[in-house]
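A closer look at the structure
As a plain string of letters, each chain reads:
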Amino acid sequence: MPNISSNLAGIRSPNPFWLASAPPTNSGYQVMKAFDAGWGGAVWKTLGVPIINTSSRYGAINYRSSRMVGFNNIELITDRTLADNLREIEEVKKYFPEHAVIASLMVESRAEWHQIVKDVENAGADGVELNFGCPHGMCERGMGSAVGQEPSVLETITRWVKEVAKVPVIVKLTPNITDITEPAAAAARGGADAISLINTIQSLMGVDLDTFVPTPMVDGKSTNGGYCGPAVKPIALNMVKNCAQDPDVRIPISGIGGIENWRDAVEHMLLGASNVQVCTAVMHYGFGIIREMIPGLENFMREKGFEKLDDFIGKALPNVKTWENLNLKYKVIADISAEKCIGCQLCYTACEDGAHQAIALPKNGNRVPEIIEGNCVGCNLCSLVCPVEECITMVRKDDGKKHESWKDYMAADKAPTTFNDDRAGGKGHWVPEPAAALKR
Amino acid sequence: MPEFKQPTTEQDLELAFEQLKPYMNPTMAYYESSRCLFCYDAPCVTACPTGIDIPLFIRQINTGNVDGAAKTIYDSNYFGNICGKVCPTEVLCEGACVYNHQDVKPIEIGRLQSYATSQVIEKEKRLYHPAPPNGKKVAVIGAGPAGISCACELRLMGYEVTIFEAKKHPSGLAIYGCAPYKVTNEDVLDEIVWLQEQFGFEILYNHPIHSAEQIKSLEAYFDAIFLGIGLGATRPMSIPGENLENCYGATEYIEQVKISPLKVRVGKKVVVIGGGNTAMDAASESARLGAEEVTLAYRRSKEEMGAYEFEYELAKGVGVKGIFNAVPTAILGNGQVEGVRFIKTNSENGRVITVPGSEFELPCDAVILATGQEKKTGFLSLIEGLEWNKDGSIKVNVETFQTTNPKYFAGGDAVNGGAEVVNAAAEGKMAARGINSIMA
Ligand SMILES: Cc1cc2nc3c(=O)[nH]c(=O)nc-3n(C[C@H](O)[C@H](O)[C@H](O)COP(=O)(O)OP(=O)(O)OC[C@H]3O[C@@H](n4cnc5c(N)ncnc54)[C@H](O)[C@@H]3O)c2cc1C
Ligand SMILES: Cc1cc2nc3c(=O)[nH]c(=O)nc-3n(C[C@H](O)[C@H](O)[C@H](O)COP(=O)(O)O)c2cc1C
Ligand code: SF4
Ligand code: SF4
Ligand code: SF4
């Protein structure tokens, strides 16, 4: 049996699955229930200054028959009293000493930070997470993402916390920024023991076409909120990867964003996350999803021969390069399996209208399209739209012997500088004359 | 014109017994599993006599952890693949699926279940490792679903288990009874072989226990004995002509259909007597084997039939005609069956009243009596102190399945009076826990 016990900057938990700071960690009741169900850790709903929440707080987008592929909220931090939260943290730790309880915090002044860190340590928190991510409401008051977007302020506050903290300090980052590695490096400079990302992305969910009010609606008005759920995973993965690869960051990462099952978690970890946090999926399906995540992770590790989490954390990182390092001599071409094709011709119309006119309709009366090899640039589009698994495959056509990247071209002074250069992209690529579009 | 002709080759048989629930391909399984809502306190689970965590295994299929899905199924039900195919899912899990309330097709739970389990069977995947021997020995009488499930669970806990089986194949009525268009004998036997490899119990075939001496020696050697003996032969109707050639008991006839389908004699005009599921099966099977005319005759009204509605629909679908409120008074013929004499009936407050002077005759050349199975009280009377109810079903403690003789436990048809494979599987497993709770 693989060992899935986890260690994030010294914070130990029986498994790498934590609840993110959000409504599922609002109370000791919920956190105990979650631990009982199998979750390894919980980041408590952010504690801090007194706030008021609105009624009607969430919006979602559905894609076709799937509900809540994207989720948004205009909720602030906890609206329960600090004293109640502290008492409940203490109680949870009594029942679950081996599980990780992290206190998420958001206050303003240095004195307030010092005080609240001491309070949660006294209550038995195993770590603190500084919420520099909330992209709505709190930032208008100079907290949350307002801090996360100012690396120097973030660094200062991190230092304040480190002045007193005895437990590991995690800095939670906002994705609402151009380059995530800047606040990440600032956190590291400030002495943070780990970073967690991403918090939610600023968003507006949509507009009601009858009332002209975006959702969620609060008495006829709305406001921008924070976006999360399955739809944000690719953004989160990229940011986790950027931080993991940055030489100025070099502190452990807790991956958050769009995690719903064991696969999503493993992807975050392959890109450098030491553990993961989950919010939307639990808000959708409850704590019970952990039943799927743990055996799924264990099964993956057994099949790949990994004995512990460290065996695969960051394993995909060497395979993520900057664009200039990619091999420009690598050439793939789409190949349609006539046997598997069901004849929907989505590939044809996608390539014809949306790509490179490299697919022809059959003339022999059947419905299986044909690839025009000379025109196919190997973009993948057809294989992505095809509804049949492994029906369109991308087949390698170069001999695999040559490796030349843009960087190599630049170094050898071989980079094309005019459009007539034979090395220039698109040279010799046939496109129909415009008027041919009307001759059908 | 009958839809089916009498099969003479294996290919003919495959057509005649085309599977109602064929295996899904990965695309089907992915689409179907994507639809499951992952309900909380899911009604499908409550409706499953073995309480399989259905939303979990479906989610595991959806996230590509098919082995994990199979494990989830087998943890609750050792007859996972067989049940996926033969369970009356319409009235169990699928009948309870919340989609029914939306008039949307319920999730195809049975087929998804077989999808996952058949793969671990095919790959000979090892999912279970029995505990080290605990030095205790249990005899199981009957290698039906109840007996084998009991054996698996006992082996898991470290008991040594020997199964005594009268016949030459395992799985009881799963192989000798369940309709061939629901499950193939091959699929049944493959699952039992897989179980035997996982759990390592011994089955002694052609080994009926029928004498007091045998029972004494079992009692002397084993610490406990489980009775999974099922039901007996078809109960006679006690009307003239029952001994004519071509008048069969349904279970006996179906056994021939199952074991030597190419050799079984099929009448041209068949009358099936009874209104239960076995009657429906016998009628459907006759029709699929090429009988030109199959008539189901039931002594009460259509609405009062014990058979599930979908089973009657299935029979009608292959050309079976029903006549209701008619009870046979004699089977006619001279050496061979030539017809059945009926008298019409009315049902009043559940009682059947014959209508004087309403006799009629139905010519036919075969009669199948599906009038219920006898209980094995003759055998039971060999066991000291063992008591049974008025209907011949063995008395047990509802939690431990211990009988009135403390050394004996029992489950399956012999206890519930005749239900489904899934009930026998559930009771066999619970009885194993009962044995353990009393012996440990
Ligand atoms: C025609 C028919 C169709 C059916 N179709 C379905 C269906 O589609 N779906 C479904 O879920 N259920 C179906 N059932 C019901 C299902 O098969 C039974 O409920 C189930 O098999 C009962 O399991 P069991 O282990 O209690 O008994 P059985 O399956 O009857 O097994 C008992 C075993 O014990 C052996 N045995 C008995 N006495 C002795 C002895 N003294 N010594 C040694 N061995 C002995 C027998 O040979 C047999 O192998 C059907 C039943 C019939 C008759
Ligand atoms: C309703 C809601 C409230 C949230 N509240 C907080 C919060 O108080 N503190 C915080 O750090 N993050 C908060 N978050 C962000 C989540 O912790 C998490 O970073 C984000 O939802 C992305 O993860 P997901 O895709 O699994 O939902 C909240 C998210 C939601 C949906
Ligand atoms: S989820 Fe609960 S609290 Fe929220 S609106 Fe519905 S009933 Fe009210
Ligand atoms: S998209 Fe796939 S299935 Fe559809 S026509 Fe193209 S190859 Fe065939
Ligand atoms: S009731 Fe239906 S939708 Fe709900 S968990 Fe069960 S199978 Fe899935």
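**Describing the overall build of chain A**
In terms of helices and strands, chain A carries 13 helices and 18 strands. C-alpha atoms of chain A, sized along the principal axes, occupy 75 × 55 × 45 Å. Out of the 440 residues in chain A, the part that is buried amounts to 52%. Carbon and sulfur atoms form 52% of the exposed surface of chain A, whose accessible area is close to 21400 Å². Across chain A, the mean location of the 44 positive side-chain charges is 3 Å away from that of the 52 negative side-chain charges.

**A short note on the interface of chain B and chain A**
Contacts between chain B and chain A engage 15 residues on the former and 15 residues on the latter. With both sides pooled, the region where chain B packs onto chain A buries about 1200 Å², and carbon together with sulfur makes up 44% of that total. A per-residue breakdown of the area chain B buries against chain A is headed by F38, R59 and T63 of chain B, which together make up 44% of the total. In this structure, D53 of chain B and R291 of chain A form a salt bridge, with 2.6 Å as the shortest nitrogen-oxygen distance. One can count seven residue pairs in polar contact (both at pLDDT 80 or more) joining chain B with chain A. Counting residues per element, the ones that place at least two in the side of chain B that touches chain A are α2 (26–35) and α4 (54–62) of chain B. A per-element tally of the side of chain B that touches chain A places α4 of chain B first, with four residues. Here the residues of the side of chain B that touches chain A are counted per class, giving six nonpolar, five polar and four charged.

**A few points about the domain arrangement of chain A**
Under the domain assignment, chain A is made up of domain 1 (6–319) and domain 2 (323–431). Summarising the inter-unit geometry, the C-alpha centres of domain 1 of chain A and domain 2 of chain A are found 40 Å apart.

**Let's talk about the sheet that holds strand β6 (residues 269–273) of chain B**
All names here are of chain B. If you trace the five strands from one edge of the open sheet to the other, you get β5-β13-β6-β7-β8, paired in parallel fashion. Bordering the open sheet on either side are β5 (247–249) and β8 (321–323), each of which pairs with just one other strand. Within the sheet, the average angular offset between the axes of one strand and its neighbour, ignoring direction, is 20 degrees. One ladder, built from three bridges, connects β5 with strand β13 (residues 366–369); its direction is parallel. If you follow Y248 over to β13, its bridge partner there is I368. Relative to the sheet, helix α13 (residues 250–259) contacts β5 and β13, its axis offset from that of β5 by approximately 90 degrees.

**Comments concerning the nonpolar core**
With 93 residues, the main nonpolar core has W39, I195 and L197 of chain A as its most contacted residues. For I195 of chain A, the residues in contact, after removing those within four places along its chain, are I170, V171, L173, A184, A187, C243, V249, I251, P252, I253 and S254 of chain A. Of all hydrophobic cores here, the second largest spans 49 residues; its members include Y128, F226, A432 and M439 of chain B.

**So, the environment of V264 of chain B**
All names here are of chain B. Looking at the secondary structure, you find V264 in the loop between α13 and β6. Once the C-alpha coordinates of V264 and I254 are considered, the two residues, ten residues apart in sequence, prove to be 9.4 Å apart. Here V264 is in contact with Q6, Y253, Q256, V257 and L289, once residues within four sequence places are set aside.

**Brief notes about the pairing of strand β2 (residues 160–164) of chain B**
Residues and elements named next belong to chain B. Counting buried residues along β2, four of its five residues qualify, which places the element largely inside the surrounding structure. In this sheet, β2 lies alongside strand β1 (residues 137–141) in parallel orientation, the contact comprising five bridges. Within the sheet, the bridge partner assigned to K137 lies in β2 and is E160. Once you follow β1 into helix α9 (residues 145–156) and on to β2, the crossover reads as right-handed. As paired elements, β2 and strand β3 (residues 202–204) share three bridges and run parallel to each other. Looking at the pairing, F164 lines up with L204 of β3.

**Quick look at the environment of N325 of chain B**
Residues and elements named next belong to chain B. Tracing the backbone shows N325 in the loop between β8 and β9 (326–334). A relative accessible area of 22% places N325 in the partly exposed class. The sequence separation of N325 and E14 amounts to 311 residues, and the corresponding C-alpha distance is 35 Å. Sequence-distant contacts of N325, defined by excluding residues within four places in its chain, comprise Y298, R299, R300, S301, I343, K344, T345, N346 and S347.

**So, the packing of helix α7 (residues 233–245) of chain A against helix α8 (residues 262–270) of chain A**
All names here are of chain A. With their axes 9 Å apart at the nearest point, α7 and α8 run at an angle of 25 degrees to one another. In terms of their interaxial angle, α7 and α8 are classed as roughly parallel. Here K233, A236, L237 and V240 of α7 lie close against α8, whose contacting residues are D264, E267 and H268. For the contact of α7 with α8, the per-class residue count stands at three nonpolar, one polar and three charged.

**Notes on the sheet that holds strand β12 (residues 225–228) of chain A**
Residue and element names in this part refer to chain A. Spatial strand order, β5-β6-β12-β11: four strands in an open sheet with antiparallel pairing. The open sheet terminates on both sides in strands that have one partner only, identified here as β5 (58–63) and β11 (201–203). Recorded for the sheet is a direction-independent mean angle of 45 degrees between the axes of neighbouring strands.

**Section: the side chain of S27 of chain A**
Residues and elements named next belong to chain A. One can find S27 in the loop between β3 (17–19) and α1 (28–37). Residue S27 is classed as buried on the basis of its relative accessible area of 13%. Beyond its immediate stretch of four places on either side in the chain, S27 contacts W44, R80 and E88.

**Comments concerning the site of ligand 2**
All names here are of chain A. For ligand 2, the set of nearby residues contains 24 residues, the closest of which are S21, T46, K172, G258 and T280. Note that an oxygen atom of ligand 2 is positioned 2.8 Å from one of the side-chain N or O atoms of K172. Coverage of ligand 2 by the protein amounts to 98% of the 610 Å² it exposes when considered alone. Breaking the shell around ligand 2 down by element, the ones donating at least two residues are β4 (41–48), β6 (66–73) and α9 (280–285). Each residue belonging to the shell around ligand 2 can be placed in one class, and the counts come to eleven nonpolar, ten polar and three charged.

**Comments concerning the state of the cysteines**
The full count for this structure, using the stated rule, is zero disulfides over all chains. Free of any disulfide, C364 of chain B has its nearest neighbouring cysteine sulfur in C247 of chain B, separated by 8.9 Å.

**Thoughts on the packing of aromatic side chains**
Counted under the stated rule, the structure contains 18 aromatic pairs over all chains. Judged by centre distance (6.0 Å) and plane angle (70 degrees), the rings of W113 of chain A and F132 of chain A are edge-to-face. With W113 of chain A in helix α3 (residues 110–123) and F132 of chain A in the loop between β8 (127–131) and α4 (145–148), this pair connects stretches of sequence that are 19 residues apart. Taken together, W262, F300, F306 and F312 of chain A form an aromatic cluster joined through their ring pairs. Against the face of F38 of chain B rests R59 of chain B, its NZ or CZ located 4.3 Å from the ring centre. Sitting above the plane of the Y221 of chain B ring, K137 of chain B keeps its charged end 4.7 Å from the centroid.

**A look at the domain arrangement of chain B**
Residues and elements named next belong to chain B. Once the domains are mapped, chain B shows domain 1 (21–123), domain 2 (137–232 + 374–439) and domain 3 (247–369). Placing the centre of domain 1 and that of domain 2 at their C-alpha centroids yields a distance of 26 Å. With 20 residues of domain 1 at the interface, the matching set in domain 2 holds 27 residues. Counting each side, the surface lost to burial between domain 1 and domain 2 is near 1900 Å², with a carbon and sulfur contribution of 71%. On the domain 1 side of the contact with domain 2, Y78, F79 and I82 bury the most area, a combined 40% of that side's loss.

About the cut-offs
- Residues numbered from 1 in each chain as written.
- Chains lettered and ligands numbered in written order.
- Predicted model: local features only at pLDDT ≥ 70, side-chain atom pairs only at ≥ 80, totals over all residues.
- Heavy atoms only, no water.
- Helix = DSSP H or I, 4+ residues; strand = E, 2+ residues; numbered from the N terminus.
- Buried < 20%, exposed > 50% of the residue type's maximum accessible area, 1.4 Å probe, protein only.
- Areas by Shrake-Rupley, 256 points an atom, 1.4 Å probe, with all protein chains shown as cover.
- Lys, Arg positive; Asp, Glu negative; His and termini not counted.
- Charge placed at Lys NZ, Arg CZ, Asp CG, Glu CD.
- Contact = heavy atoms within 4.5 Å.
- Buried area = accessible area lost by both parts, 1.4 Å probe.
- Salt bridge = Lys/Arg side-chain N within 4 Å of Asp/Glu carboxyl O.
- Polar contact = N/O pair within 3.5 Å; in protein donor to acceptor, adjacent residues only side chain to side chain.
- Nonpolar A, V, L, I, M, F, W, Y, C, P; charged D, E, K, R; others polar.
- Domains from an automatic or database assignment.
- Pairing = 2+ DSSP bridges.
- Axes fitted to C-alpha atoms, helices over the stretch in contact; angles between N-to-C directions.
- Core = buried A, V, L, I, M, F, W, Y, C linked by side-chain atoms within 4.5 Å.
- Right-handed = clockwise from strand over helix to strand, strands pointing away.
- Parallel < 35°, antiparallel > 145°, perpendicular 65-115°, else oblique.
- Near = heavy atom within 4 Å.
- Disulfide = S-S within 2.5 Å.
- Phe/Tyr/Trp six-rings, centres within 6.5 Å; stacked < 30°, edge-to-face > 60°.
- Lys NZ or Arg CZ within 6 Å of the ring centre and 35° of its normal.

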